[in-house]
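# Coordinate inspection notes
Chain by chain, the residues:
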Amino acid sequence: MFTQWFKNRWMLLISVLLSLHAHAEITWNFPTPATPMAEDTLHVHNKFMLIVMVIFLVVLGIMIYSIYNHRKSKGFKAAKFDGPSNKSQLIWTLVPFAILLYIDFILMGIPAYHSVVAMEDTKTNADMVIKVTGSQWRWQYEYMDGDAQGLKFVSNLKTSEDEIYNKTDKNPQYLLDVDNHLVLPVDKKVRVLLTSTDVIHNWWVPAFGAARDAIPGFLRETWVKIDKPGVYRGQCKELCGKGHGFMPVVVEAVPEADYKVWVEAQKVKLAAAAEGANKEWSKDELVAKGKEVYAKNCQVCHQANGKGLPPAFPSLVDSAIVKGKIFDEQGKLLKDSHLDRVLNGKGVMPAWKSVLNDVEIAAVVTYERVDFGGMSDTLQPAQVKALR
Ligand SMILES: [Cu+2]
């Protein structure tokens, strides 16, 4: 029995070690720091590790020396202590106390304090401000000032269902890839405001050294100043429900000139989307577009086939709301209609009003009505726009 147990443990240990070897990207140190804050925390960590190591070796050394040199086989006689107070007791209490006080408050306290103050200082010399909003299960980014002011987009997981369910090979950025990267200029201090629309999330990029909870109803902040162009990846670091592992963070740091070009291109794209809301769309165009929007935004809860995961996420296939009337005779939006639910949400169902544009909302509603509800009418982007 026991030997079997022991053998199993060894097998387990060996297989764990082998699998570590298979994940060649696993390293034993922090990721290469990409911001001053990450640099600073890495230095603090290394310094602390050194101090801890020295204390460990000194204490262990004294212990080994004492045990070995005062062993019974050598005929060592234990000393006799009597009386509660004597001078040596006082000394061997106070001296270590003083040493630890010095180490904790001076050697460790000062660099740690410096680091924490630097982390909290989001405002001094900040070049730009962005707002990051966590939602189940995606990030939204909004540029708050400068040329990019008003730019706003959603960043969704790009990994395909087939990869997740082992139907195809997993690519190297498995679960770490999104459709829209957050693009930031290098060498600029970016103040990052964080909030959430539902539960607590955490916007975490290990190479930035900063991680801060995004809490609904609060605006919290951190900052980054990325020193090298590149793509930096991270994940939500606060357990936020079913899709917690499916909301990665991807930041693309580019030289300032490239950033400006990107901002202009985004503006053109936004203008084109706004333009799209004015034209009349065919049913096929709406369904095709809606299918895309659905896959990115709705599928996590309502599933690819629309059948949902009742009772948590209702099926859209035999839903009265999906097929029901959207406007009343006067052309007013009906409460609890399909469009009302998508625009304004209810309970766990997010409000999509400020996340999706008019075309996307009209398309996804049309898609659901046609593919899940068996209807054949369309909802036009202009009808959504008129409600804004
Ligand atoms: Cu999250």
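Residues numbered from 1 in each chain as written. Predicted model: local features only at pLDDT ≥ 70, side-chain atom pairs only at ≥ 80, totals over all residues.

## Some points on helix α3 (residues 87–120)
- Across its 34 residues, α3 extends 46 Å between first and last C-alpha, which sits within 8% of the 50 Å expected from 1.5 Å per residue.
- Burial runs low along α3: only 0 of the 34 residues are buried. (Helix = DSSP H or I, 4+ residues; strand = E, 2+ residues; numbered from the N terminus. Expected span 1.5 Å × (residues − 1). Buried ≥ 20, exposed ≤ 12 C-beta atoms within 10 Å, placed from the backbone.)

## Section: the pairing of strand β7 (residues 210–214)
- With 5 bridges connecting them, strand β6 (residues 201–205) and β7 associate as antiparallel partners. Each bridged residue has a counterpart across the sheet, and for W204 the counterpart in β7 is A211.
- If you look at the hairpin formed by β6 and β7, you'll find 4 residues sitting between the two strands, and G209 has a positive phi there, around 70 degrees. (Pairing = 2+ DSSP bridges.)

## Describing unusual backbone geometry
- Put simply, Q136 and W137 share a cis peptide bond, and its omega is -5 degrees.
- Here W137 shows up in the loop between β1 (128–135) and β2 (138–143).
- Not every positive phi belongs to a glycine, and D336 is a case in point at roughly 60 degrees.
- Tracing the sequence through the fold places D336 in the loop between α8 (320–323) and α9 (338–344).

## Structural notes on the sheet that holds strand β8 (residues 220–224)
- The strand order across the open sheet formed by 5 strands is β3-β2-β1-β5-β8, and the pairing between neighbours is mixed. Either end of the sheet is taken by a strand with one partner, and the two such strands are β3 (152–155) and β8. This sheet shows a mean twist of 25 degrees between the axes of neighbouring strands, independent of strand direction.
- Pairing between β1 and β2: 6 bridges, direction antiparallel. Residue K131 lies in a different strand from β2, and its bridge partner there is E142. (Axes fitted to C-alpha atoms, helices over the stretch in contact; angles between N-to-C directions.)

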